[in-house]
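Remarks on the overall topology
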Amino acid sequence: MTDMYNAFLKDDVLSQYVGKQSIKFINYPNANDIKNTMIVIDDLQSPIPSDYADDDNLTYEYAYQVDVFVKQNSNTNSRLLCERLILRVQRIMWQEFGFGEISSPQPSYDEEHALYRRTKVFKGKQYYKI
């Protein structure tokens, strides 16, 4: 997850809207605490051994959920910004890690907190030697 954090921070598009303190791991913030734009990275499963050779696994399969939250703002179209950012996340997950999107729940808008949310679930394999 730290590699994802670093990849998101070094991306020109994401870094315009999301600062270091606004990318979180696993713990979802209270909606009242979101003031601007935030990304949450959550692992959905423990790594699963995959791709075997010589009675040993060569890779591990991972699944991550990434959520983008954008606070409604009169200076920008927050719904479109939320969409743009989650699509950027999707591109980074594919290009940097080879993780494909397997699910994309319906976008949501929390009227009480004026908060847009987009979510995507990614799955992929990584070579890893213990």
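Residues numbered from 1 in each chain as written. Predicted model: local features only at pLDDT ≥ 70, side-chain atom pairs only at ≥ 80, totals over all residues. Heavy atoms only, no water.

Points about the pattern of salt bridges
Condition: Here, a salt bridge means any Lys or Arg side-chain nitrogen found within 4 Å of an Asp or Glu carboxyl oxygen. Only runs of H or I of at least four residues qualify as helices and only runs of E of at least two qualify as strands under DSSP, and these elements are numbered from the N terminus. Only protein chains enter the area calculation, which uses a 1.4 Å probe; residues under 20% of their type maximum are buried, those over 50% are exposed, and those in between are partly exposed.
Applying the stated criterion across every chain yields a total of eight salt bridges. Residue Lys10 pairs with Glu96 through a salt bridge whose shortest N-O separation is 4.0 Å. Here Lys10 is found in helix α1 (residues 2-10), whereas its partner Glu96 is found in helix α3 (residues 78-97), with 86 residues between them in sequence. With relative accessibility at 45%, the residue Glu96 sits in the partly exposed group. Here Arg117 and Asp67 are joined by a salt bridge, their closest N and O atoms 3.0 Å apart. One end of the pair, Arg117, is in strand β7 (residues 115-127); the other, Asp67, is in strand β4 (residues 56-71), and 50 residues separate them in sequence. Looking at Arg117, the relative accessible area reads 29%, which means it is partly exposed. One salt-bridge network, in which partners are shared between bridges, spans Arg79, Glu83 and Arg118.

Regarding the packing of aromatic side chains
Each aromatic ring pair is described using two quantities: the centre-to-centre distance and the angle formed by the ring planes. Stated formally: Classification of ring pairs uses Phe, Tyr and Trp, with its six-membered ring standing for Trp, and accepts pairs whose centres are within 6.5 Å; under 30 degrees between planes counts as stacked, over 60 as edge-to-face, and the remaining range as tilted.
Under the counting rule described, the total for this entry stands at six aromatic pairs. Taking the centre distance of 5.8 Å and the plane angle of 45° together, the rings of Tyr5 and Phe25 count as tilted. Placement of Tyr5 in helix α1 and of Phe25 in strand β1 (residues 23-25) is noted, with a sequence separation of 20 residues between them. Residue Phe25 is classed as partly exposed on the basis of its relative accessible area, which comes to 30%. A ring pair is formed by Tyr64 and Phe99, whose centres lie 6.0 Å apart and whose planes are at 25°; its orientation type is stacked. Taken together, the positions of Tyr64 in strand β4 and Phe99 in the loop between α3 and β5 (100-103) put the pair 35 residues apart, joining distant regions of the chain. With a relative accessible area of 9%, Tyr64 lands in the buried category.

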